[in-house]
Every structure is written in structure tokens, then in C-alpha cells.
Amino acid sequence: MSRRWREISVSLPSLLWLTLLFLIPTVLVLAMAFKPSDGYGGMGPGWTLETIRSLRNPSYPAIIGRTLGLSLLTTLLCVVLAVPMGYYMARTQRIWRQTLVLLTVVPFWICFVVRVFAWKHLLHPDGFIRHGLLALGLIAPDTMLLYTTGTVMLVLVYSHLPFAILPIFAAAEKFDFQLMEAAMDLGATRWRAFTHVFLPGIARGIGTAVLVVLIPALGSYVIPDMVGGTESEMIGNKIAQRTFGDRNLPHACALAALLTVAVLGPLMVMVFGKGRSGTAEKSVGGVV
Amino acid sequence: MKRSRIPLLTTLALLLFFYVPIIVLVIDSFNGSRFAGTWGGFSVKWYAKLLQEREIWQAVRNSMVVAVAATFCSTVIGTCAAFALHSFDTRLQRVHNMLIYTPLVVPEILMGISLLLLFIGLKIPLGLFTVFLAHVTFCISYVAMVVLARLQDFDFTLVEAAQDLGASNWICLRRIVLPLLAPGILAGALLAFTLSLDDFVITFFVAGPGATTLPVLVYSMIKHGATPVINALSTLLLAVTFAVVVIAQRLAQEKHT
């Protein structure tokens, strides 16, 4: 058997499967955005720009803006919280380091719906947190902890934080901390050594963290659906509503196409930048 | 050098942040009171109620069928893909690499709607079969990544030694490569299993009415008014996931000893 033939035979199953069930459907969504709706949940004949034009629906700009805003803020918060934790994990003793990695990874393994539900349960109007805050007089009796944009933000950070910690820790683990000591011996304050030596040293890890948080955050759907209100809907919710609620698939596809365009930029950086760095791969490998 | 306390405090705060909601949920699943704010004594009545609900058993069955089938298929395909990516460095493999890699980062909702569209277009009725197809699709990439990571540590001189001693390619694969790689492949399979068991978004899009899996059931129970039964069900799901993680960790450690 020639080498070329062997290569093709081991590559073929995954190539075929992913072409048929990933690549083609993704392109299909983009194409469907240019189909008219027949009003019964299917596609009408011919091609049209009408579906794309319907995105000018006055409620959409706010939703798109909120999706971008919440995702960017989530990314920022995740990175700001992950950097000190990654720093601590890299500097602590080996045995603690492994425990901390495990403790960071375990929430990632727990069913996503259960994790979001746990927050819904915790912040429930009858839950002990709200009762406690009421008893301490910190909130007014009519304050709701659930179904606000703030809650969505909180749970977004909660569920994406492990993705930020792992690549930042992986980069910090390889960082030579003597460089920071050298900077301080030369008169830099600890803060200056941190911002001017450590942060640039783990820039690549931070870059990976930004991408692996930002991309899934943009496509959030379950979190705003479960702990958010009508004032905190994101693009993902609208896609689901158009798909299941009023069965307007072309419209859902137009929204999905919009989301694809939004994630395409960071996605390209990730896929093409990856070949050389390999840090992104480690972050996925590190989870396992 | 005196160290700053901020990193330690952040780490402790984040660990609390990670685990408090989960621990409260588990504790409340044993709460005799209907209301989360009051403690009504230790009780397993929600678990007893859980066992009586017939649709839960149906969902457990659906989840297991899909997870086992999807794990098997994606492990075989993903392992082949990892071998291809590791052994060859051609233009085809660069395309292959991208095709394996992209599904890992594409938002789930996009994969869900695109698969739904494909199944509708091909007139494949929605059900357990479409859920299985969807799960294999996202599991392949994870299995391939895990096995590829193990292949990079693999000592290929062992293969050369076997070949020098006259082993055929087939014997070599079966007696040397696969046994040594088994922990890696198993780790990939376990990851695929938990991912399939836990997936909600993609399943929700392609399941159709008859193919409710456990996460989809949990979701619809939450939507139709939360009762403490959900706490019990969530705790059980947690326990299963933890068991799988412990097994996976054991496997990972065996590699080093």
C-alpha cells in the first residue's frame, strides 16, 4: 500500500463526516439567509434580500449591541480574574498546582444546564442569598436577583472562566519568574514588574483566553434564556425563537449568518494563528 | 521577597465562586422543605419522587443509547484522524487539521441550527438518530485532539524495534501501538461520553419531540416550573459526571507510573 493511499484511507472517515455534517450545513445556513419564507416554516422559491433586510427590525440593533457588549465585558472580566489565579497557580508548589488545575477543570465537566440551574437556584427569590441580603438590609424588598442583565453577566463569567484560566496558567507555567525578580532588583516596583514583564510574557496565553471566551460567549443562548429577562436577550435567543417559536427558518438563518460573521474574525485568528503557536491546542488538551 | 496576597485571595475567591452554587444545589436536594430558603430537615423524598417519574427513565435510556453509540463512532473516527494528522504533513492534512479544529470553537447554537437545516433539507426525520449524528460530529474533534496529544509523547522507536524483529504492520498496530495508546484513546472516549451525556444546545435543536435526553428533560422541567425534584436529578447527573472524571484521572495517572 502506498503512503499516499494509506494517508487517504485514515483521513477519509473524519474528512467525509465533517464535510457532510459540519462544513456543508454551515455553508447552507449562509445560503438560506437569502431565501424567502413561505410562512409555513419552510423556504419559499427563488432568492431574495428581503430576509436580510428584515434584520433592520427595530428591536435588533439593541440585541446585537447587547450581545457584543456582554460578550466583550465577559471576556474582559474573565481575563482580569484569570490572570491573578494563573499567576498564583504557576508560583505555588507542584502538588497544589495539580489540585488547582483539577478544581478548575471539574466545573467544565458538569452538565452545562445543571450549572446554570445551580445559579438560578442560588439566586431564587426564596433562596438564602436573597433572604440574607434582605435581612442585612442590603437590598430593597422588591429587588430581584434573577432575570436581570447583571445576572446574565455573572453566569456568563462563571461558565467561561475555566476557559480563560487554563491557557493563562499554561503560559504562566512556562514564564521565567526570575525575570520579574531581575526587574525588581533593577528598581521596578512589584506592580511595574507585573505589568511590564509578566503580562507581556504571557501575552500569548491571554490571547488564547480572549478567543476561547469571546467566541462561545457571542453564541450564548441558554444563559440569557434561563437567568435573563426580556431585557437581556442575546442573538442566540432570537435564533431559537425564530426556529422554535414562529418557525421562520430563513429568518433564523439570517440571524445565524450574522452571528457567524461576528465570530468569523476571532475564529480566523484562532484557526490560522494556531498552526505556529500550539497554545490553543494545549488549552484544549489541558482540559482533559 | 514579600509576595503580594492578591493572587492567593483571588484564587480562593474564585474557587468559592466555582463551587458554592453547586454545593448549595446538592445540599438542597436533601432538603425536606419545598422552599430553598428554609431547611426542612434531611430527606431523600425528592429522590424517591424522581424514581417514580416514568419520563426520567425514558430520558436516561435515550441519553445512554446516544452516548454509547456516539462515543464508539467518534472514538474510531477521531483516533484515525489523530493518526493521519500525526503521521503525515501534506496539504490535505492542513485542510484536515482545520476541519477538525474549527468545530471546537464554533458556538454550539450555530452547529445546532445548521444541522437542523441539513436534516430538514435531507428529509431525515428528527429523533435519536439525528441526535446521534450530531453528537458524533462534535465529539470527533475532541477525541482527535486528546489522542493527538498522546501520540506526540509516543515513542515510535518501539514500532521500529518491532518491525526490525519482523512484525508486520498489522501485528505492530495491534500488539504495540494500540495497547500503548489505549489510555489516551480511552481518555478521548470518556471525554466524548461526558460531552454527549451533557450536551444540551445542539441536542435541543436536532432532537424532535420523541428523543428527549436528560439535559433536555432537565431544561424543560426548569421551564415548566422548578420543583426540588430537579435538584435531585441534577445531583444525580453531577454524581455520574464525577465518577467518570475520577476514572479518567486514574487512567491519566496510570500513564505516568
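Bear in mind that the values here come from a model prediction, so they are computed numbers and not experimental data. (Residues numbered from 1 in each chain as written. Chains lettered and ligands numbered in written order. Predicted model: local features only at pLDDT ≥ 70, side-chain atom pairs only at ≥ 80, totals over all residues. Heavy atoms only, no water.)

Caption draft 1: Just a nonpolar patch on the surface, in detail. Where nonpolar side chains cluster on the molecular surface, the patch consists of Leu 12, Leu 16, Leu 20, Leu 23, Ile 24 and Val 27 of chain A and spans about 510 Å² of accessible area. Locating Ile 24 of chain A in the fold gives a position in helix H1 (residues 3-32). (Patch = residues over 30% accessible without salt bridge, like charges linked within 9 Å, V, L, I, M, F, W, Y side chains within 5 Å. Areas by Shrake-Rupley, 256 points an atom, 1.4 Å probe, with all protein chains shown as cover. Salt bridge = Lys/Arg side-chain N within 4 Å of Asp/Glu carboxyl O. Helix = DSSP H or I, 4+ residues; strand = E, 2+ residues; numbered from the N terminus.)

Caption draft 2: Geometry of helix H1 (residues 6-28) of chain B. In this model H1 of chain B runs 33 Å from its N-terminal to its C-terminal C-alpha over 23 residues, within 8% of the 33 Å that 1.5 Å per residue would give. Of all the bends found along H1 of chain B, the most pronounced is centred on Tyr 19 of chain B and spans about 35°, while Pro 21 of chain B, a proline, follows it within four residues. (Expected span 1.5 Å × (residues − 1). Bend = angle between axes of the 7 residues up to and from the residue.)

Caption draft 3: Geometry of the interface of chain A and chain B. Every contact between the two is made by 88 residues of chain A and, on the other side, 86 residues of chain B. Summing both partners gives a buried area of about 8,100 Å² for chain A against chain B, and 80% of it is carried by carbon and sulfur. When the area that chain A buries against chain B is broken down by residue, the three leading residues are Trp 17, Phe 22 and Trp 109 of chain A, summing to 10%. Its salt-bridge partner being Lys 223 of chain B, residue Asp 225 of chain A comes within 3.3 Å of it at the nearest N-O pair. Looking at which element gives the most residues to the side of chain A that touches chain B, the answer is H1 of chain A, with 22 residues. Among the residues forming the side of chain A that touches chain B, the class breakdown is 63 nonpolar, twelve polar and 13 charged. (Contact = heavy atoms within 4.5 Å. Buried area = accessible area lost by both parts, 1.4 Å probe. Nonpolar A, V, L, I, M, F, W, Y, C, P; charged D, E, K, R; others polar.)

Caption draft 4: Fine view of the packing of helix H3 (residues 54-87) of chain B against helix H10 (residues 214-223) of chain B. Residue and element names in this part refer to chain B. For the pair H3 and H10, the least separation of the axes is 8 Å and the interaxial angle reads 145°. Every residue of H10 that contacts H3 at Glu 55, Ile 56, Ala 59, Val 60 and Ser 63 is listed here: Leu 214, Pro 215 and Leu 217. Here the contact of H3 with H10 is composed, by residue class, of six nonpolar, one polar and one charged. (Axes fitted to C-alpha atoms, helices over the stretch in contact; angles between N-to-C directions.)

Caption draft 5: Structural context of the packing of aromatic side chains. Residue and element names in this part refer to chain A. For the structure on display, the rule yields 23 aromatic pairs over all chains. Arranged with centres 5.3 Å apart and planes meeting at 75°, the rings of Trp 119 and Tyr 158 form a pair that is edge-to-face. Taken together, the residues Trp 119 in helix H5 (residues 112-122) and Tyr 158 in helix H7 (residues 149-174) connect sequence positions 39 residues apart. As far as burial versus exposure is concerned, Trp 119 and Tyr 158 are alike and both buried. Among the aromatic residues, those joined into a cluster by ring pairs are Tyr 87, Phe 175, Phe 177, Trp 191, Phe 194 and Phe 198. (Phe/Tyr/Trp six-rings, centres within 6.5 Å; stacked < 30°, edge-to-face > 60°. Buried < 20%, exposed > 50% of the residue type's maximum accessible area, 1.4 Å probe, protein only.)

Caption draft 6: Just the environment of Gln 249 of chain B, in detail. Note that Gln 249 of chain B resides in helix H11 (residues 228-256). Note: C-alpha distance between Gln 249 of chain B and Ala 187 of chain B (62 residues apart in sequence) is 8.7 Å.

Caption draft 7: Up close: the side chain of Thr 137 of chain B. Relative to the assigned elements, Thr 137 of chain B resides in helix H6 (residues 128-152). Only 3.0 Å separates the side chain of Thr 137 of chain B from the side chain of Trp 17 of chain A, close enough to count as a polar contact. Discounting residues that sit within four places of it in the chain, Thr 137 of chain B has contacts with Trp 17, Leu 18, Leu 21 and Phe 22 of chain A together with Met 111 of chain B. (Polar contact = N/O pair within 3.5 Å; in protein donor to acceptor, adjacent residues only side chain to side chain.)

Caption draft 8: Examining the environment of Val 155 of chain A more closely. Residue and element names in this part refer to chain A. Here Val 155 lies in helix H7. Taking the C-alpha atoms as reference, Val 155 lies 8.1 Å from Val 227; in sequence the two are 72 residues apart. When sequence neighbours within four positions are dropped, the list of residues in contact with Val 155 reads Val 116, Trp 119, Ile 223 and Val 227.

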